[in-house]
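Letter by letter, the chains look like this.
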2 protein chains.
Amino acid sequence: MSNRGLAFAKPPTIVDVARLADVSKSTVSNVIRNANCVKPEMRARVTQAITAIGYRPNILARQLVLQRTKIFGVVVGDLANPFHAEMAKQIERHASLQGYRVMFVNSQTDMAEAAGLESLLEYRVAGIIFLAHAGMPERTRQLIAGKVPTIFVACKADWGDLVSGDDLQGAKDATRHLVSLGHRRIAYFADPIVEDDADRARRAGYRAVMAEAGLLPIVFHWRRSPPGVLRGNREVTHQEVLHGPKRVTAIFSSNDLGAIELLDWADKLGIKVPEQLSIVGFDDIVLAKLARINLTTVAQPQAKLAELAIDTLARRLAGSLPAPPVRKSVELNMVIRGSTAVPER
Amino acid sequence: MSNRGLAFAKPPTIVDVARLADVSKSTVSNVIRNANCVKPEMRARVTQAITAIGYRPNILARQLVLQRTKIFGVVVGDLANPFHAEMAKQIERHASLQGYRVMFVNSQTDMAEAAGLESLLEYRVAGIIFLAHAGMPERTRQLIAGKVPTIFVACKADWGDLVSGDDLQGAKDATRHLVSLGHRRIAYFADPIVEDDADRARRAGYRAVMAEAGLLPIVFHWRRSPPGVLRGNREVTHQEVLHGPKRVTAIFSSNDLGAIELLDWADKLGIKVPEQLSIVGFDDIVLAKLARINLTTVAQPQAKLAELAIDTLARRLAGSLPAPPVRKSVELNMVIRGSTAVPER
DNA sequence: CTGAAAGCGCTAACAC
DNA sequence: GTGTTAGCGCTTTCAG
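Let me begin by describing the structure that accompanies this report.

Conventions we followed
- Residues numbered from 1 in each chain as written.
- Chains lettered and ligands numbered in written order.
- Predicted model: local features only at pLDDT ≥ 70, side-chain atom pairs only at ≥ 80, totals over all residues.
- Heavy atoms only, no water.
- Near = heavy atom within 4 Å.
- Polar contact = N/O pair within 3.5 Å; in protein donor to acceptor, adjacent residues only side chain to side chain.
- Helix = DSSP H or I, 4+ residues; strand = E, 2+ residues; numbered from the N terminus.
- Expected span 1.5 Å × (residues − 1).
- Buried < 20%, exposed > 50% of the residue type's maximum accessible area, 1.4 Å probe, protein only.
- Arc of directions from axis to C-beta.
- Contact = heavy atoms within 4.5 Å.
- Pairing = 2+ DSSP bridges.
- Axes fitted to C-alpha atoms, helices over the stretch in contact; angles between N-to-C directions.
- Parallel < 35°, antiparallel > 145°, perpendicular 65-115°, else oblique.
- Nonpolar A, V, L, I, M, F, W, Y, C, P; charged D, E, K, R; others polar.

Some words on the protein's contact with DNA strand D
Thought 1: As a structural note, the neighbourhood of DNA strand D is formed by 25 residues, with Ile14(A), Lys25(A), Tyr55(A), Ser26(B) and Met42(B) the closest of them.
Thought 2: Sugar plus phosphate, as a fraction of atoms of DNA strand D within 4 Å of the protein: 67%.
Thought 3: Arg62(A) is positioned with one of its side-chain polar atoms (N or O) 2.7 Å from a phosphate oxygen of DNA strand D.
Thought 4: Counting only elements with at least two residues in the surface near DNA strand D, the list comes to α2 (25-32) and α4 (59-66) of chain A together with α2 (25-32) and α4 (59-66) of chain B.

Following this line, the structure appears as structure tokens:
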């Protein structure tokens, strides 16, 4: 309601407050920064003046002198991917809760990522959060050097802090679920959009359980262009995988998106899921819950991952974390839905 | 490769460049800002010095003196909603193309939106892009006042620029599609997560075509908590809508998410889509394309919407737009998939 | 505990 | 054309 008629008056600055409260700039500064050393009486006078003229500190000025911001740079993969979208949402939420703003840059291509990172660095972000990493690790490391703390969330990290789901355990659970249903020919399908490290860990979990059950591992790779599926470096057809004498009866996909593609695939070939083919995914994206999809999968606790990431980054900034990168992993839980069942006999 | 061993040397400033090139600060400034008035020879000397010491302008300093940034504030709805996620992705992409960075704030609740907006304003964003709007319009307007240009993308706007799909036309097309298939009892399902204005326009399109075909409009509203469906203010059961003598044979949902919920609903009641029930959605989110969903819908050209939004905002900032808010609407196209068919007889 | 003063790195008049 | 200079609004020594 103040300054009616002075619509375009410049916003009040710290000196306006100082003048009104009849103190010096620095005292006002001490008050707004919650410095320990200011007499209650002064503080009261200043706060009063602040509210009286509706003063708000100018973030831009503060940033300049501090040479740092309260902005987190977030390197995000394809937001069209529900897993990434949810991750981005949770990161924004938890950053916001801690008084941080987020600046998103896309990481679809190597080039875009590098440019985005440089930009984030120019803006002097307080920290960088990788939700996906498309660039070359070493180059990225060089770029960020010791400039700002960096945390990788559920994606590859050769350096910097890391929080992620326990992929190994999750994959073991998924594979055990299939084994315990009575499946013998269980394949692992690797979707290339899954980060290398995550894929490796999930595959390792799969292999471990297969070995322990005395079963032969069968590993396939999606290839998106030209579309196809590879076994080792040999191209295989969908027919071959799902029909024929050596067909598999169950598939563990390295992510939900791949699992859903598999579902489409089975539909087209007239193969019934779960009667003739069991499918397990990974991530538990929103899609997986749809009645028409109804996918058994390994859920990633995305809210918890985000919270842990922000918390870790904040602690790192506060200097209350050990020098070497910390790595935290959170437990993953299976969600059993309708895409898995005992094999037909 | 420079400054090995001086790892923590402070980054070079404009005066370092000036000294090296033996010119004044302002000449360097003129060069980096591409001011018209600087002799080629000088320019060369300066550019050379810049690359020699690896100078990068300090954005924070520039922001302080200009009192504005090259950051767009983006008010985004629920990123778990694929429509919003895709919109956010496209906005980031096009902003980035124009040299802008984006700061996302969430707008799930009224409170969160207000707080987010204040924060954006404190950061002196160059403009604000609404991808969703949960707050009270008038309060929001007051907050932003004449501070920064604002654009609404596919959401309510009583003021500020606007770009959106042509909801009226899209809804007409959708309804006509159903009518031309031979449906007579066609309902409109309003999902409350759709912005009021959009909903109104879509409903108007629906009503217009129904009237023109001499059919009775039947309007339902989702209610999320407690879950249910309302007709007027009377609660109706799913049974009542899809079974019984006065059952509808086709539904036009105000968005895809609602349409998919409808699909689940039909599945549970054992009603076959599209044989016994045709469903049309709105938006064409990624989900709609899945083989198991395969939804007929009205597609929103999200990339184009984003491009138009960024472009309009940039032009508004450049002052090359008329004073009153501009409103642009883009044509919507129907995508006919498997959820619609001629009614059973 | 408070005030005076020196910047942070850049832009933009305004002289020369 | 180019250099000089005065800020932008805040933090932070350093004296008192």
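Now, onward.
A word on helix α3 (residues 40-53) of chain B
Residue and element names in this part refer to chain B.
Thought 1: Taking 1.5 Å of rise per residue, 14 residues should cover 20 Å, and α3 covers 20 Å from first to last C-alpha, within 8% of that figure.
Thought 2: If you check which residues of α3 are buried, you get Met42, Val46, Ala49 and Ile50. In an axial view of α3, the angular spread of the buried residues amounts to 100°, which keeps them on one side of the axis. Opposite the packed face of α3, turned more than 90 degrees from it, sit the exposed residues Pro40, Gln48, Thr51 and Ala52.
Thought 3: Looking at the packing, one finds that the buried side of α3 touches α1 (14-21) and α2.

Description of the pairing of strand β12 (residues 296-299) of chain A
All names here are of chain A.
Thought 1: Sheet topology places strand β11 (residues 278-283) next to β12; four bridges connect them, and they run parallel. Note that in β12 the partner of Gly281 across the bridge is Thr297.
Thought 2: Sheet topology places β12 next to strand β14 (residues 333-335); three bridges connect them, and they run antiparallel. Residue pairing across strands places Val298 opposite Met334, the latter belonging to β14.

Here we look at the packing of α2(B) against α3(B)
Packed helix pairs are specified by the crossing angle of their axes together with the interaxial distance, meaning the distance between the axes.
All names here are of chain B.
Thought 1: Packing of α2 against α3 brings their axes to within 10 Å, and their N-to-C directions diverge by 90°. Considered as vectors, α2 and α3 are oriented roughly perpendicular to each other. For the pair formed by α2 and α3, the contact residues are Thr27, Val28, Val31 and Ile32 on the first element and Met42, Arg43, Val46 and Ile50 on the second.
Thought 2: When the residues that make up the contact of α2 with α3 are grouped by side-chain class, the tally is six nonpolar, one polar and one charged.

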